[in-house]
Amino acid sequence: MKNLEKIDLFNFDLENGKQRPYIPLFYQTFGQRIGAAPIVVVNHALTGNSTVTGENGWWNDLIGENKIIDTNYFTVIAFNIPGNGYDDNLGNLISNYQDFTVRDIARIFWEGLYFLKVETVFAVIGGSLGGALAWEITVLFPDKVENLIPIASDWKATDWVIANVFIQDQILNNSDDPIADARLHAMLLYRTPQSINQRFQRNKLENLSVFQIENWLINHGFKLKNRFRLAAYKLMNHLLKTNDITRDRKDFLTILQDIKTNIHIVAVDTDYFFIADENRETYQELKSIRDNVFYHEIKSIHGHDAFLIEFDQLAQILKPIFNKQKQQTYVSA
């Protein structure tokens, strides 16, 4: 049961100058009622959605009663990126995907927060595309966000990210089986050679000539094809390329100079997509102008997808941020 709620947005001006007459924004809330507790905005990744906890929740290990992001103490809001298809209404899919940017989606999310009468946000958090969105959400209204927590992500799309987005787009637009084939390529970006080699060790399926790694990839492609729409994949993939908080603004350090938000960068040491070196460089640059920036690194053989695998490490990183707020809430109560 999805329990989706909807906000209707009208005459929304996109960054490229075009206007969308209507955008339905679907979302879910968890934990305390809005207005009764600190707000945590959780952004989903490329194939994700707003079901962050509960039945089929993709971040159940971190969000819920007595979890790190404790729904006894926080209000969790999770928006669906418009066009991600989670509402099961084909009419809400977006065909002109190249018109949209990460900044557009961040502005759409803020429109949703205004509608919900949310004045300030304790934390905005997300992995991969969700982390890119978190950067942009914070830069748009930095005085409203207390903690920015981008995980396995970056404030910009590097040439490496842009190149891989381009390859994905080519597959999605030219393959006879686009979702499945694009997923095969993507899975090898999200994992590492070490992870793959350790897991499969050149083994084949019993009584077949098929390698286990081939079967694993085929299954991932099949599963995604069964739950994801082509238009949604094209849009989410494209958004990754548009990630850049400096576009038509000042340089990175000038933008971040006056932002009071606490920035908690979480990288994965083996991430082959949003590589850790870029996050370390961002941290070192920010440390030169401000004190409230922190760098954390998940150690994992699994690469980019470690933010969906290494829950114990991620919990240890996030615990001080959320426990401090819980203690303050408990004392003030």
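What counts and what doesn't
- Residues numbered from 1 in each chain as written.
- Predicted model: local features only at pLDDT ≥ 70, side-chain atom pairs only at ≥ 80, totals over all residues.
- Heavy atoms only, no water.
- Helix = DSSP H or I, 4+ residues; strand = E, 2+ residues; numbered from the N terminus.
- Rg over C-alpha atoms; globule rule 2.2 N^0.38 Å.
- Contact = heavy atoms within 4.5 Å.
- Areas by Shrake-Rupley, 256 points an atom, 1.4 Å probe, with all protein chains shown as cover.
- Buried < 20%, exposed > 50% of the residue type's maximum accessible area, 1.4 Å probe, protein only.
- Salt bridge = Lys/Arg side-chain N within 4 Å of Asp/Glu carboxyl O.
- Pairing = 2+ DSSP bridges.
- Axes fitted to C-alpha atoms, helices over the stretch in contact; angles between N-to-C directions.
- Core = buried A, V, L, I, M, F, W, Y, C linked by side-chain atoms within 4.5 Å.

A. Inspection of the overall build of the protein at higher detail. Secondary structure summary: the protein contains 10 helices and 10 strands in total. Relative to the 2.2 N^0.38 estimate, which gives 20 Å for 333 residues, the radius of gyration of the protein is 20 Å and therefore close to what a compact globule would have. Taking the principal axes of the C-alpha coordinates as reference, the protein spans close to 65 × 45 × 45 Å. Counted over contacts in the protein with a minimum sequence separation of 6, partners at least 24 positions apart contribute 74%. For the protein, the exposed surface amounts to about 15,300 Å²; the carbon and sulfur share of it is 49%.

B. Up close: unusual backbone geometry. With a phi angle near 50°, Gln201 is a residue other than glycine that sits in the positive phi range. Here Gln201 is to be found in the loop between helix H5 (193–200) and helix H6 (212–227). In this model, Arg202 sits at a positive phi of 60°, which is unusual for a non-glycine residue. Among the secondary structure elements, Arg202 is positioned in the loop between H5 and H6. Arg202 sits in the exposed class, given a relative accessible area of 75%.

C. Looking closely at the pattern of salt bridges. What the rule picks out here adds up to 14 salt bridges. Between Glu15 and Arg103 there is a salt bridge, with the nearest N and O atoms lying 3.5 Å from each other. With Glu15 in the loop between strand S1 (5–13) and strand S2 (19–31) and Arg103 in helix H1 (residues 102–115), the pair connects residues that are 88 residues apart, well separated along the chain. One salt bridge connects Lys225 with Asp177, and the closest N-O pair in it is separated by 3.2 Å. Here Lys225 is found in helix H6, whereas its partner Asp177 is found in the loop between helix H3 (159–174) and helix H4 (178–190), with 48 residues between them in sequence. Taking relative accessible area as the criterion, Lys225 reaches 36% and is therefore assigned partly exposed. Judged by its relative accessible area of 28%, Asp177 is partly exposed. One continuous salt-bridge network, built from bridges that share partners, spans Glu15, Arg103, Glu136, Arg247 and Arg249.

D. Structural detail: the sheet that holds strand S8 (residues 145–151). Judged by pairing direction, the sheet is mixed, and its 8 strands sit side by side in the order S1-S2-S6-S3-S7-S8-S9-S10 without closing on themselves. Looking at strand neighbours, the two that pair on one side only are S1 and strand S10 (293–298), the edges of this open sheet. The sheet shows a mean angle of 20° between the axes of neighbouring strands, taken without regard to direction. The sheet contact formed by strand S7 (residues 121–127) and S8 spans 6 bridges and is parallel. Residue pairing for S8: Ile125 is matched across the bridge by Ile149. Across the sheet, helix H9 (residues 276–287) lies against strand S9 (262–268) and S10, angled at about 160° from S10, the strand it touches most.

E. Geometry of the environment of Gly57. Of note, Gly57 is situated in the loop between strand S3 (39–43) and strand S4 (63–64). The contacts of Gly57, once residues within four sequence positions are left out, are Thr51 and Val52.

F. Representation of the nonpolar core in the model. Core analysis: the biggest nonpolar cluster contains 72 residues, and Phe79, Phe109, Trp135, Tyr233, Leu239 and Leu256 have the highest contact counts within it. Looking at which element gives the most residues to this core, the answer is H1, with 7 residues. Beyond its immediate sequence surroundings of up to four residues, Phe79 is in contact with Ile7, Leu25, Phe26, Tyr27, Val42, His44, Ser50, Phe109, Gly112, Leu113 and Leu116. Listed in part, the 31 residues of the second largest apolar core include Leu62, Phe122, Ile149 and Ala306.

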